[in-house]
Amino acid sequence: MSARQKRWPRPRPCSSAKVPELTQAAPRLYTIPPSAPFLSTLARAILHGDLPCPGGARPDPLTLPLTTIYLPTRRAARALREAFLTESGGEALLLPRIRTLGDPDEDAALILGAEESGENDGEPGVPAIAPLRRRLALMRLVLAYQHLLRQAARAEADTLAPPLVKVSPAQASHLAADLARLMDIVESEEVELAELDSIMPEDFAEHWQITVGFLRILTEQWPRYLDDNGLVSPVARRTLLMDRETERLSRGSPYPVIAAGSTGTIPATARLLRAIASLENGAVVLPGLDKSLDEESWSKLAEHPEHPQAGMAELLRKLGARREAVAYVPGCDMTACASARLRLASEALRPAGSTERWRNYLGKTSGEGVDDLTQALEGLHLVVAPTAHDEAEAIALIMRSVVETPGKTAALVTPDRMLARRVAARLKGYDLAIDDSAGVPLPRTVPGAFLDLVLGAVESDFAPPELMALLKHPLTLIGRRPEAMRQAARALELWAFRDVYVGQGLQGARAALKAAQTKKSRLDTADYFAALKLVDDLERAFVPFAAVAEGALPPGLMARAHAEAAENLARDESGSPSRLWQGDAGESLSLLLAELIGEEESLRLELGDYPAFYRSLVAERVVRPRRPAHPRLFIWGPLEARLQQPDVIILGSLNEGVWPRHQEAGPWLSRPMREKLGLSPPERRTGLAAHDFAQALGAREVYLTRASKVDGVPTVPSRWLQRLLALIKAADLEDRIAAGELWVHWARERDSAPPLERAKPPQPKPPVAARPRCLSVTRIERWIANPYEIFARHILKLEKLAELGKEPDAAARGQIVHRILHEFSRAFPDALPADIEGELTRLAEAHFAKLSSSPLAEAFWRPQFKRFARWFAATEPRRRAGVAAVHSESEGMLPLAEVDFVLTARADRIDVGNDGTVAIYDYKTGTPP
């Protein structure tokens, strides 16, 4: 293992890499303005010979593949290939070598340049640690350190400090993920965590001192762990590969080398860009450099990391170049309208401390070489919708209108994934297939939801809501045909769970079924045996979890049990569970579980900790489905939209907290601690998001959309939108961008439009022959209050199902008391027993025994009834004195011959006295009416 791996986290640049100084005489720094499509302009300039040297000869078709182009993301690389094919006019073309640098914001960013090159000798053979393995290793460190702290706290019995809260494995998993991100940031920015002592933890709160103590241990243990396992961190490998590429290029290249679209926020990337810019046949193309911002404001951008040009200004400082040395790529001449739009974006997003210069901007008049705000607003629309649903509908209508123009393209750009899904769903209603390129969260996919429901059933001990959700999932078959599975699940639900349920586990479901079978009129024999067999099959399917139910075990064993149980449940009638692992989501889940099963580390979990731990692993994973979509409509996240420009851009969900998102320092280092270590502030990501916003504003037609309320909560416009509107309002030109309100109006009209044939309102006028001719007195009250209820129950014969898995409530308690008193009166109609309280208690035991699993019944209802039994035994002899007969649950009727109707009623108890008097009793366990 090399010496540079012995110390974490700083990756060292190659000492032999000598980067020549940039010369002002032959600038090799270029930029493409936001008004021009970046990748198309880049491809055109290369094919015309304008890059890397302006005015050069067209590249030979056979030598073009020797040109090397570096791009920030894989998405940009794929889009550039398409741009080359478009700009070539459909002719056969050998493409240049396109390599990916890896954007700091891109998940799983890897440098694919040096390791793909056959020219780079001495490629490092040390592999990078896998993300899951790193997460589990960091989890062990977090849990071990927390255990040591708790032991130390227990040893200091006289301490007045509050006790440490135990960290669960799921919490440790999230902390490990945050820690991995911090490690990547520290390594990328080449900062030494060994300098933690300079932070002076006594200046901070006690919990920060604990954090710093853990990070000190990490700086010692983590490099040792990597060395012992022959691994390096992903960022260290990326930096080493990039530095080797920098060293190779510093010796010169016989073929053109171009780096485009990168802002060079990573120091290693900046060194590589410097080496490329110094080559005679090299060029660096920056995305959207603002050349109109005044020099004074430009010089202070280091103090404003949230500014869209802050990263670009820092890169130019690292390259040792001035902004004046950066030229526009030939062929991206701007129209007056485009130039005015760029100036508007620059002024709206200028540093907060220099907004007084807006007066100079607004004071200018239209003329040669001067931006005109009126021209800048051409093609710029504002859409403010009342709700998020209205915003999605309006966006869908805008995109649908674009399709009507042949060849025209449109893209929704938003970080709000909920808005993206809503728009995609509405476009589907127009038969326009479109997918969110940012992907679908893995837990929201069909197999992802299924695996989560499997854990939910185990976690809840097969409670009715969780179990029925699993049984109704389309992947749940358990060796049956789909229709047979649904029929058995319905039988189990209706006869076991649609009643008061106090059972536990699958044994409780079996007991509830057997209890329902005693009511022969309720349960069909075929349904009973189908439901009973389903419970038996469920017990066999979940057997793998029984093997890991006791003790602390490796998560790999629990993942194996999880996968086996899921396969048992997903087996079709042929016995194959293949449907579970099919498709992009199934493949992603199978790889995750296989990797977790193959992990042989010493982490230990209880079965009760596994569900939350598993969910922490899949929470941030997304699946990008590979299926046909509309070729001219797109939904992009800000990262996907970089360097791409369709004809119409819709910037959606422009609300504060969504775009830009709130940037937190993280749980491991506070802002002052990050600053003392020399790490970039969290606002730098806000600056990158602001750069994406400014780039999108350069498009010819831009829609800015937001919702005034989201889920009923008022929202605040994005800070960038507020600045833009403030500038426009100061010029009294608000009406120029207000046309977007029409889209909201049309969106609402779509839902409120009357149908082609107006339906008649429902009328409670069933045929006379179908109307009930006999009702109880209480049902007459319901008839007056709600006639539709009578119609549904007595004519349509519909019965409302009880709540699924309903727990015993006050109504159930009242029914039990009624049954006990009814049984007592029927057993002793003429004379009372010697032990009234004992007989009443004996009858009650048979009913309360059925609710023995209910804590409510055992803790409250049974003791309350015992007190009632003592009172009843003391008072019942007085009520029975002079009584000739006792009638329990007596029913009566009153025929109404003139209207051919019968009224019925039922009394809980009627006592007939020796003198002919009658006493009517109504039992109430609640508040008397």
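Residues numbered from 1 in each chain as written. Predicted model: local features only at pLDDT ≥ 70, side-chain atom pairs only at ≥ 80, totals over all residues. Heavy atoms only, no water.

1. Brief notes about the sheet that holds strand 5 (residues 282-287)
Remark on secondary structure: sheet strands pair via backbone hydrogen bonds, oriented parallel or antiparallel.
Argument step 1. Reading across the sheet, the six strands line up as 3-2-4-5-1-6 and stay open at both edges, with parallel pairing between neighbours. This sheet does not close on itself; its edge strands, each paired only once, are strand 3 (97-100) and strand 6 (327-328).
Argument step 2. Where strand 4 (residues 257-260) and strand 5 come together, four bridges link them in parallel fashion. Within the sheet, the bridge partner assigned to I258 lies in strand 5 and is A283.
Argument step 3. Packed on one face of the sheet, helix 7 (residues 267-278) meets strand 1 (29-32), strand 2 (68-71), strand 4 and strand 5 and runs near 130° to strand 5. (Pairing = 2+ DSSP bridges. Helix = DSSP H or I, 4+ residues; strand = E, 2+ residues; numbered from the N terminus. Contact = heavy atoms within 4.5 Å. Axes fitted to C-alpha atoms, helices over the stretch in contact; angles between N-to-C directions.)

2. Details of the pairing of strand 17 (residues 901-913)
Argument step 1. When strand 15 (residues 774-776) meets strand 17, the two strands line up parallel, connected through three bridges. By the bridge assignment for strand 17, C774 is matched with V902.
Argument step 2. Of the strand pairs in this sheet, strand 16 (residues 883-896) and strand 17 are connected by twelve bridges, and their pairing is antiparallel. Across the sheet, M893 pairs through a bridge with T904, a residue of strand 17.
Argument step 3. In this sheet, strand 18 (residues 918-921) lies alongside strand 17 in antiparallel orientation, the contact comprising four bridges. Within strand 18, the position partnered with V912 by the bridge is V918.
Argument step 4. Between strand 17 and strand 18, which pair antiparallel one after the other, the connecting turn spans four residues, and G916 there sits at a positive phi close to 90°.

3. Quick notes on the packing of aromatic side chains
Argument step 1. Under the criterion given, the structure shown has 21 aromatic pairs.
Argument step 2. Taking the centre distance of 5.3 Å and the plane angle of 20° together, the rings of W222 and Y225 count as stacked. Of this pair, W222 and Y225 both sit in helix 5 (residues 206-228), separated by three residues, roughly a single helical turn. Summarising the burial analysis for this pair, W222 and Y225 share the class buried.
Argument step 3. Centroid distance Y528 to F529: 5.2 Å. Interplanar angle 75°. Geometry classified as edge-to-face.
Argument step 4. Y528 sits in the buried class, given a relative accessible area of 9%.
Argument step 5. Connected via pairs of aromatic rings, a cluster forms that spans F824, F828, F848, F865, F868, W871 and F872.
Argument step 6. When the ring centre of Y328 is taken as reference, the NZ or CZ atom of K291 above it lies at 5.1 Å.
Argument step 7. Positioned above the aromatic ring of Y430 is the side chain of R400, whose terminal nitrogen or guanidinium carbon lies 4.8 Å from the ring centre. (Phe/Tyr/Trp six-rings, centres within 6.5 Å; stacked < 30°, edge-to-face > 60°. Buried < 20%, exposed > 50% of the residue type's maximum accessible area, 1.4 Å probe, protein only. Lys NZ or Arg CZ within 6 Å of the ring centre and 35° of its normal.)

4. A short note on the pattern of salt bridges
Argument step 1. In this structure the tally under the stated criterion is 49 salt bridges.
Argument step 2. Close ionic contact of E245 with R99 constitutes a salt bridge, the shortest N to O distance being 2.7 Å. Taken together, the residues E245 in helix 6 (residues 234-250) and R99 in strand 3 connect sequence positions 146 residues apart. The exposure classification of E245 matches that of R99, with both residues buried.
Argument step 3. Between E296 and R357 there is a salt bridge whose closest N-O contact spans 2.4 Å. Separated by 61 residues along the polypeptide, E296 in helix 8 (residues 295-299) and R357 in the loop between helix 10 (336-348) and helix 11 (358-363) bring together distant segments of the chain.
Argument step 4. Its relative accessible area of 24% is what places R357 among the partly exposed residues. (Salt bridge = Lys/Arg side-chain N within 4 Å of Asp/Glu carboxyl O.)

5. What to know about the nonpolar core
In a soluble, globular protein the nonpolar side chains are often hidden away together inside.
Argument step 1. Counting 93 residues, the largest nonpolar core has L471 and F542 as its most contacted members.
Argument step 2. In this view, L471 contacts T476, I478, M485, R486, A489, L492, L534 and L538; residues no more than four positions away in its chain are not counted. (Core = buried A, V, L, I, M, F, W, Y, C linked by side-chain atoms within 4.5 Å.)

6. Examining the environment of L319
Argument step 1. Among the secondary structure elements, L319 is positioned in helix 9 (residues 310-319).
Argument step 2. C-alpha of L319 to C-alpha of A277: the two residues are 42 residues apart in sequence and 8.5 Å apart in space.

7. A short note on the environment of F901
Argument step 1. Positionally, F901 belongs in strand 17.
Argument step 2. Spatially, the C-alpha atoms of F901 and R773 are 5.0 Å apart, while their sequence positions differ by 128 residues.
Argument step 3. Discounting residues that sit within four places of it in the chain, F901 has contacts with P772, R773, C774, L775, I780, W783, L894, P895 and L896.

8. With respect to the side chain of T41
Argument step 1. Secondary-structure assignment places T41 in helix 1 (residues 38-47).
Argument step 2. With a relative accessible area of 2%, T41 lands in the buried category.
Argument step 3. Ignoring any residue separated from it by four or fewer positions in sequence, one finds T41 in contact with I32, A36, V329 and C332.

9. Here we look at the environment of S602
Argument step 1. By the element assignment, S602 lies in the loop between helix 22 (583-598) and helix 23 (610-618).
Argument step 2. Exposure remark for S602: the relative accessible area of 52% places this residue in the exposed category.

10. A closer look at the confidence of the model for the protein chain
Argument step 1. Looking at the protein chain as a whole, the pLDDT averages 84, with 89% of positions reaching at least 70.
Argument step 2. pLDDT under 50 marks residues 1-17. Its contacts with residues more than four places away, or in other chains, come to 49 contacts. (pLDDT = per-residue confidence, 0-100.)

11. So, unusual backbone geometry
Argument step 1. In this model, L51 is joined to P52 through a cis peptide bond whose omega is 10°.
Argument step 2. Tracing the backbone shows P52 in the loop between helix 1 and strand 2.
Argument step 3. With an omega dihedral of 5°, the bond running from W659 to P660 counts as a cis peptide bond.
Argument step 4. Mapped onto the secondary structure, P660 falls in the loop between strand 12 (648-651) and helix 25 (671-677).
Argument step 5. Not every positive phi belongs to a glycine, and D461 is a case in point at roughly 55°.
Argument step 6. Residue placement: D461 occurs in the loop between helix 15 (446-459) and helix 16 (464-471).

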